[in-house]
Amino acid sequence: MERIYVAVRPRPLSPEESETSPWRISGNTISLSNHSSKFEFDRVFGEDCKTVDIFGSRTKEIVASVVRGFNGTVFAYGQTSSGKTYTMRGSANEPGIIPLSVHELFCSIQEKMDREFLLRMSYMEIYNEEINDLLAPEHRKLQIHESLEIVESRDRSVGDNSFNCFDAVRVSALNLVDLAGSERAGKTGAEGMRLKEGSHINKSLMALGTVIKKLSDGAESLGGHVPYRDSKLTRILQPALGGNANTTMICNITLSQVFLFT
Ligand SMILES: Nc1ncnc2c1ncn2[C@@H]1O[C@H](COP(=O)(O)OP(=O)(O)OP(=O)(O)O)[C@@H](O)[C@H]1O
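On a predicted model such as this, the values are computed, not experimentally measured, just so you know.

Thresholds applied
- Residues numbered from 1 in each chain as written.
- Predicted model: local features only at pLDDT ≥ 70, side-chain atom pairs only at ≥ 80, totals over all residues.
- Heavy atoms only, no water.
- Axes fitted to C-alpha atoms, helices over the stretch in contact; angles between N-to-C directions.
- Helix = DSSP H or I, 4+ residues; strand = E, 2+ residues; numbered from the N terminus.
- Parallel < 35°, antiparallel > 145°, perpendicular 65-115°, else oblique.
- Left-handed = near helix turned anticlockwise from the far one by under 90°.
- Contact = heavy atoms within 4.5 Å.
- Nonpolar A, V, L, I, M, F, W, Y, C, P; charged D, E, K, R; others polar.
- Pairing = 2+ DSSP bridges.
- Buried < 20%, exposed > 50% of the residue type's maximum accessible area, 1.4 Å probe, protein only.
- Arc of directions from axis to C-beta.
- Expected span 1.5 Å × (residues − 1).
- Near = heavy atom within 4 Å.
- Polar contact = N/O pair within 3.5 Å; in protein donor to acceptor, adjacent residues only side chain to side chain.
- Areas by Shrake-Rupley, 256 points an atom, 1.4 Å probe, with all protein chains shown as cover.

A few words now on the packing of helix α2 (residues 51–67) against helix α4 (residues 97–111). Closest axis-to-axis distance for the α2/α4 pair is 9 Å, and the angle between their directions is 45°. Between α2 and α4, the angle is such that the two are oblique. α4 is crossed by α2, and the crossing has right-handed handedness. Taking contact as the criterion, the partners of T51, V52, I54, F55, T59, K60, V63 and V67 in α2 are, on α4, I97, L100, S101, E104, L105 and S108. Looking at side-chain class alone, the contact of α2 with α4 contains eight nonpolar, four polar and two charged residues.

Have a look at this one:
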């Protein structure tokens with residue numbers, strides 16, 4: 001499995017938007033119909049695709065690898081109204097990546113009768129570089145503490161050095177992330193709180209982009225510096241981006257003429 005995988009999901013267009021759209025999809029490539037630009041991704045879905053297809057194309061594997069002890073992260077990235085929440089949260093009719101992943105996680109765990117699992121879940125937002133707990137709204141401005149998890153085989157605690165009966169305990173994390181609309185960062189001419197919000201979103205997305213670029217260039221394995229500390233987002237996600245972790249970026253896009261910026 002490739003460590004970083006980028007899939008594109010275009011939001012369905014209205015018939016009028018479809019008629020004027022300058023973009024064409026062919027295989028895993030999106031290009032302008034005048035051939036001036038062409039972009040290739042690991043996977044480009046059609047606008048009539050279902051979230052379960054997107055889940056099956058890579059996220060399902062990531063969930064399986066998390067159960068085996070490897071960290072994984074799935075992001076939805078894209079401008080406002082491009083379908084990030086539709087993709088990640090979904091609806092009763094079409095469940096999103098988050099409920100599909102949780103369901104898959106529990107199914108995988110149920111199949112592994114020979115192992116014990118402890119699941120912990122948190123649900124948080126990063127707003128203006130402050131971390132707020134969405135399950136306990138009174139817990140605002142959470143601090144990040146870096147800790148070394150020390151885990152031991154249960155065999156050792158009973159004085160038996162054999163690792164045959166029980167595997168060592170493994171700790172892994174699955175992050176499912178709905179990123180803020182990326183365009184708010186730039187074009188809005190916003191003031192006050194909106195300007196502050198926009199600049200923080202910009203900072204986080206820039207930091208995430210730099211970290212992912214460095215990782216995909218192999219900086220970490222070559223001993224180079226990966227600037228995880230540049231934003232709260234990258235600090236929190238550090239264990240699930242670097243090392244042996246697997247990452248999928250689902251880019252939600254709108255192929256409408258009005259969103260063509262040159
Ligand atoms: N693939 C899709 N099929 C049908 N409707 C969709 C699809 N993607 C998005 N929509 C609809 O488009 C609208 C905007 O989608 P959504 O709220 O998910 O965007 P968003 O990227 O999360 O926006 P924001 O950044 O503002 O939170 C919603 O009404 C949603 O139901």
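Judged by pairing direction, the sheet is antiparallel, and its three strands sit side by side in the order β2-β3-β4 without closing on themselves. Whereas interior strands pair on both sides, the edge strands pair on one side only; in this sheet they are β2 (23–26) and β4 (38–40). Each neighbouring strand pair of the sheet contributes to a mean axis angle of 20°, computed without reference to strand direction. When β2 meets strand β3 (residues 29–32), the two strands line up antiparallel, connected through four bridges.

This part is about unusual backbone geometry. Most peptide bonds take the trans configuration, and most residues that are not glycine carry a negative phi. With phi around 50°, N128 is a residue other than glycine that occupies positive phi space. The backbone phi angle of K141 is positive, close to 50°, even though this residue is not glycine. Note on placement: K141 falls in the loop between β8 (130–133) and α5 (154–157). When its relative accessible area of 52% is taken as the criterion, K141 is described as exposed.

The buried fraction of strand β6 (residues 72–77) is high, at five of six residues. Both β6 and strand β9 (residues 174–178) contribute to a ladder of five bridges, which runs parallel. Considered in β9, the bridge of V74 is made with L176. Of the pairings in the sheet, the one linking β6 to strand β10 (residues 246–253) comprises six bridges and is parallel in character. In the sheet register, G72 faces β10, and the bridge partner there is N246.

Below, the discussion takes up the side chain of T59. Tracing the backbone through its elements, the reader meets T59 in helix α2. Judged by relative accessible area, which is 1%, T59 ranks as buried. Beyond its immediate chain neighbours, meaning those up to four positions away, T59 contacts I54, V74, I97 and S101.

The set of residues buried in helix α7 (residues 232–241) consists of L233, T234, L237, A240 and L241. Angular distribution of buried residues about the axis of α7 spans 110°; they occupy a single face of the element. Close packing links the buried residues of α7 with β6, β7 (124–127), β9, α6 (192–216) and β10. Phi turns positive one or two residues past the end of α7, at G243, with a value near 60°.

Quick look at the environment of G209 now. Looking at the secondary structure, you find G209 in helix α6. A sequence separation of 25 residues divides G209 from T234, and the C-alpha atoms of the two residues are 9.6 Å apart.

An ideal rise of 1.5 Å per residue puts 21 Å on 15 residues; α4 measures up with 21 Å between its terminal C-alpha atoms. Along its buried surface, α4 packs onto α2, β6, α3 (84–88), β9 and β10.

A few words on the site of the ligand. Every one of the 12 residues lining the ligand counts as a neighbour, but T80, S81, K84, T85 and Y86 are closest to it. At 2.9 Å from an oxygen atom of the ligand is found a main-chain nitrogen or oxygen belonging to S81. Between the ligand and Y86, the relevant distance is 2.7 Å, taken from an oxygen atom to a main-chain nitrogen or oxygen of the residue. Coverage of the ligand by the protein amounts to 64% of the 640 Å² it exposes when considered alone. Tallying contributions element by element places α3 first for the shell around the ligand, with three residues. Of the residues assigned to the shell around the ligand, the class counts are two nonpolar, six polar and four charged.

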